[in-house]
Amino acid sequence: MSTTNAEPDLLYSEEEEALRAAVRDLLTDHCGPAAVIARTESDTPHDPALWKQLAEGMGLAGLLIPEAQGGQGATHREVAVVLEELGRAVAPVPYLTSAVVATEALLACDDAELLGQLASGRTVGALAVSLTTAPGAAFGTVRVENGSLHGELTSIADAVAADVLLVPADDGALYAVAADAVTLAPQIPLDLTRPLATVTLDGASGRRLGPAEVAVRRALRAGAGLLAAEQWGIADWALTETVRYLKERKQFNRPVGGFQALKHRLAQSWLEVVNLRAAARAAADALTTGDDTDVTVAVAQSYAAPVAVRATEEALQLHGGLGMTWEHPVHLYLKRAKADSLAYGTAGAHREALAALAGLDAP
Amino acid sequence: MTDAEGLRRRTQELLAAHPPATTGRLDFLKARFDAGLAWVHYPEGLGGLGAPRSLQAVVDEELAAADAPDNDPRRIGIGLGMAAPTVLRYGTDEQKARFLRPLWTGEEVWCQLFSEPGAGSDLAALGTRAVRDGDSWVVDGQKVWTSSAHLARWAILIARTDPDVPKHAGITYFICDMTDPGVEVRPLRQITGEAEFNEVFLTGVRIPDSRRLGDVGDGWRVAQTTLMNERVSIGGMRLPREGGMIGPVAKTWRERPELRTHDLHQRLLKLWVEAEVSRLTAERLRQQLDAGQPGYEGSGMKLAFARLNQEISGLEVELRGEEGLLYDDWTMRRPELVDFTGRDAGYRYLRSKGNSIEGGTSEVLLNIVAERVLGLPAEPRTDKDVPWKDLAR
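Below is a summary of the structure that appears in this document. Residue positions are given per chain, counting from 1 as you read along its sequence in written order. For naming, the first written chain is A and the first written ligand is 1, with later ones following in the order written. Only residues with pLDDT of at least 70 are given local features in this predicted model, and only at 80 or more are side-chain atom pairs given and counted; all residues enter the totals for whole chains, interfaces and linings. Heavy atoms from the whole structure form the basis of all side-chain values; hydrogens and water molecules are not counted.

**Focus on the overall build of chain A**
Going along the chain from the N terminus, every DSSP run of H or I of four or more residues is numbered as a helix, and every run of E of two or more is numbered as a strand. Per the secondary structure count, chain A includes 11 helices and 10 strands. Its C-alpha radius of gyration of 20 Å places chain A within 12% of the 21 Å reference for a compact globule of 363 residues. Referenced to the eigenvectors of the C-alpha coordinate spread, the extents of chain A come out at roughly 75 × 50 × 45 Å. Out of the 363 residues belonging to chain A, those deemed buried represent 60%. Surface exposure of chain A reaches about 13,600 Å², of which carbon and sulfur atoms provide 51%. Charge-centre separation for chain A: the mean point of 28 positive side chains lies 8 Å from the mean point of 45 negative side chains. A radius of gyration in this sense is built from C-alpha atoms; the matching globule rule multiplies 2.2 Å by the number of residues raised to 0.38. Burial classes follow relative accessibility: with a 1.4 Å probe on protein chains only, a residue under 20% of its type's maximum area counts as buried, one over 50% as exposed, and anything between as partly exposed. Shrake-Rupley sampling with a 1.4 Å probe provides the accessible areas, and residues are treated as covered by the protein chains on show and by no other component. Charged residues are defined here as Lys and Arg on the positive side and Asp and Glu on the negative side; His and the ends of the chain fall outside this count. Charged groups are reduced to one reference atom each: NZ for lysine, CZ for arginine, CG for aspartic acid, CD for glutamic acid.

Here is the structure:
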């Protein structure tokens, strides 16, 4: 078992805090819980206006893309800050899927043309790999027949918002396929803020980008690592909101938050959220530096999903009957947290990966 | 002089004037204290230079590279971690000058006379009495869970000086000479078989008023400094990956494939992840403190490590199969240090049960997190305005 030489930088820089404040301001003004709930019931689950402000207004879609290719040349650390805030707002925008996962796949293929388009935010990309796929797991492919693509791929996150799909094929290559060249069938997702679709290709033409294996691995690893930042945002919202509510809510002639049984549960939740923040920060830093990345990402994902789910489940329970209503936003967070616990590999899948990475082999 | 470069230079000067190879250990430590390189954040003349605490690392690095002797911080942990910051904050100039140097060099070991059989989590309920008699105080009572009492020259002591006021108001803080008549230290044999702690009986012990720390009746406030530093020192160690209790279990797992089962594998991986995440949280706290940002995470570190140590050591006993039925040695001993790694899994399992009790029970710490960090309402208090002598005991 190797130990790390240099410890990761687990703090936030002043620039990162400024970025956080800007994103949070935007989300406070344009992504309130009531609006998110209303949007989940509409025909357009994504919020294109919010995406435009984030991507074009603030230039956040191209954070991971080098300046030479039209991006911001920033790092995973800044992206993680954005995702923390997007998680805190359960924002219905394809940021993780397009600005992180699709972007990382294209960076692996070094496709300047599409990278430039994604950097602007005017083009949204989606990797056509099931959202449940862990970084090291097998993924579905489509058939290549006479130069065109045939097949069906399920549980493709944010495909309905995408202009271009990145499709792995059975010849080992990743193809860029225009969204209007495929058939999209929206699925009914548990998490309405991150819609899923089945993608059917029936002789679609695609542009070959490069080898799929390396691109998909890299994309999923970044997705898994940075998902922890989103999960921290979700958990932090759930805890903060629950504490706020329990200071106000009175039963038995005193604030409910004064009962020791509940105080201990909230304190326990706080401990986990604090731990999750360190784990998520370590993953963002490891993706940035390339140091100890596989272990750090697997640690973060082994820890993050159960904590985010528990924080939202506690929030629901401690809100009492209010927590069961459609009107109160806690269900948005519970659904996102639970769906996230399957995204880019379950905690169990990541622990299995760790067993090999840390030299703790199975029996 | 108090920047990193200045400290590095000053350390080199110390090493040149007192080469570790030819200087006696104690002489070197005294010279280091006098050079202000003992704890650089302490004031000049008291072993420091008033420099930022984070710069201590610069000094330690240089000294380690030169193979200089250290002051064995684990052995004098109570003095360094608890007595020193309290003396620094509340002591008179005479007290600081008398106590800090031999404390830091380890010439004088300290212990802590706080807990009593009837006052554990409710520490302010303590009943040890100190009665004024001219220039002295006469102390009678019993203390318990006192580490190092059998080795200690000095103790920090809290005692009741006024039973007619509510419990927090009638306490005074003293420095007690453990060699004085009337101080009796008895080993307290524990669940592990050894006597790491002691009971201390105080019978007519005379403490001069010049060894009082802080004002009469202000002992509770003084003790808060001690307790705050205690919790920081319990959770604040810097560890490499697998540096804690998970290390021995992981090692056994790797070396003994015949012991592995699927159930144990799942539990081991889960605890391995939790240990690594707790380590990262401790590291994040350290970085926050270095950057001068107050970190609340410290309140949680002790809670997290207590639970982890217990779960990990419990798993380790099971992992060892038939060997888990055995224990290394029940001989009653009085160790100078808690040595988790020098003993076997059964010892670790039993000793770690104390981690959620010593230095504040986990239940009390959860209350502290809930009230001070999350701002939730405090527990209803029925003892606040009642004179100590009228409390139910």
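**Quick notes on the sheet that holds strand β7 (residues 196-204) of chain A**
All names here are of chain A. The criterion for strand pairing is that DSSP finds at least two bridges linking the strands in question. Pairing in this open sheet of 4 strands is antiparallel, and the strands run β2-β3-β7-β6 from one edge to the other. The open sheet has two free edges, formed respectively by β2 (143-145) and β6 (183-186), since each of these has just one partner strand. Taken pair by pair, the neighbouring strands of this sheet meet at an average axis angle of 15 degrees, ignoring direction. Two elements, strand β3 (residues 148-157) and β7, share 7 bridges in a ladder whose sense is antiparallel. If you follow G151 over to β7, its bridge partner there is L201. Convention adopted: a line fitted to C-alpha atoms gives each axis, helices being fitted over their contacting stretch, and angles between N-to-C directions are expressed from 0 to 180 degrees.

**Let's talk about helix α11 (residues 347-357) of chain A**
For α11 of chain A, the full list of buried residues reads A347, H350, R351, L354 and A355 of chain A. End-on, the buried residues of α11 of chain A take up no more than an arc of 155 degrees, which puts them together on one face. The outward face of α11 of chain A, more than 90 degrees from its buried face, is lined by the exposed residues E352 and A356 of chain A. Only heavy atoms matter for contacts: two residues are in contact if any of them lie within 4.5 Å across the pair. In the core, the buried residues of α11 of chain A are packed alongside α7 (212-248) and α9 (293-318) of chain A together with α8 (262-290) of chain B. Downstream of α11 of chain A by a residue or two, G359 of chain A has a phi angle that is positive, lying close to 70 degrees. The arc refers to the directions leading from the helix axis to the C-beta atoms.

**Looking at the pairing of β7 of chain A**
In the sheet, β6 of chain A pairs with β7 of chain A via 4 bridges, with the strands oriented antiparallel. Among the inter-strand pairings, P186 of chain A is bridged to a residue of β7 of chain A, identified as A197 of chain A.

**Here we look at the interface of chain A and chain B**
On the chain B side, the residues contacting the 45 residues of chain A number 49 residues. Once two parts are brought into contact, the accessible area they lose, counted with a 1.4 Å probe and summed over both, makes up the buried area. Across the chain A to chain B interface the summed buried area is about 4,000 Å²; carbon plus sulfur atoms make up 68%. A side-chain nitrogen of Lys or Arg and a carboxyl oxygen of Asp or Glu constitute a salt bridge if their distance falls within 4 Å. On the surface where chain A and chain B come into contact, there are 4 salt bridges. Across the pair E379 of chain B and K263 of chain A runs a salt bridge whose closest N-O atoms are separated by 3.1 Å. Within 3.5 Å is the distance limit for a polar contact, defined as a pair of N or O atoms, with the added protein rule that one can donate a hydrogen and the other accept it, and that residues adjacent in sequence qualify only through two side-chain atoms. Where chain A touches chain B, the interface holds 17 residue pairs in polar contact (both at pLDDT 80 or more). Contributions of two or more residues to the side of chain A that touches chain B are made by α7, β10 (254-255), α8 (260-289), α9 and α11 of chain A. Per element, the largest residue contribution to the side of chain A that touches chain B is 14 residues, and it comes from α8 of chain A. For this classification, Asp, Glu, Lys and Arg are treated as charged, while Ala, Val, Leu, Ile, Met, Phe, Trp, Tyr, Cys and Pro are nonpolar and the rest, including Gly, are polar. Class assignment for the residues of the side of chain A that touches chain B results in 24 nonpolar, 12 polar and 9 charged.

**Digging into unusual backbone geometry**
All names here are of chain A. If you check the backbone angles, S155 has positive phi at about 55 degrees while not being a glycine. Position of S155 among the secondary structure elements: in strand β3. The backbone phi angle of D158 is positive, close to 60 degrees, even though this residue is not glycine.

**Topic: the pairing of strand β2 (residues 129-133) of chain B**
Residue and element names in this part refer to chain B. Pairing between β2 and strand β3 (residues 136-143): 5 bridges, direction antiparallel. Residue pairing in the sheet places R132 in a bridge with W137 of β3. Where β2 folds back onto β3 in an antiparallel hairpin, the turn is made up of 2 residues, including G134, whose phi is positive at roughly 65 degrees.

**Considerations on the sheet that holds strand β5 (residues 173-178) of chain A**
Residues and elements named next belong to chain A. Reading across the sheet, the 4 strands line up as β1-β4-β5-β8 and stay open at both edges, with mixed pairing between neighbours. Two strands lie at the open edges of the sheet, namely β1 (125-127) and β8 (207-211), each paired on one side alone. Averaged over all pairs of adjacent strands, the angle between their axes in this sheet comes to 25 degrees, without regard to strand direction. Pairing of strand β4 (residues 164-168) with β5 involves 5 bridges; the strand directions are antiparallel.

**Observations regarding the packing of α11 of chain A against α8 of chain B**
The N-to-C vectors of α11 of chain A and α8 of chain B enclose an angle of 85 degrees; their axes lie 10 Å apart at closest approach. As summarised for this structure, α11 of chain A and α8 of chain B are arranged roughly perpendicular, according to the angle between their axes. Where α11 of chain A approaches α8 of chain B, its residues R351, L354 and A355 of chain A are matched on the opposing element by H265, Q266, L269, K270, W272 and V273 of chain B. Class assignment for the residues of the contact of α11 of chain A with α8 of chain B results in 5 nonpolar, 2 polar and 2 charged. Any angle between 65 and 115 degrees counts as roughly perpendicular, while under 35 counts as roughly parallel, over 145 as roughly antiparallel, and the rest as oblique.

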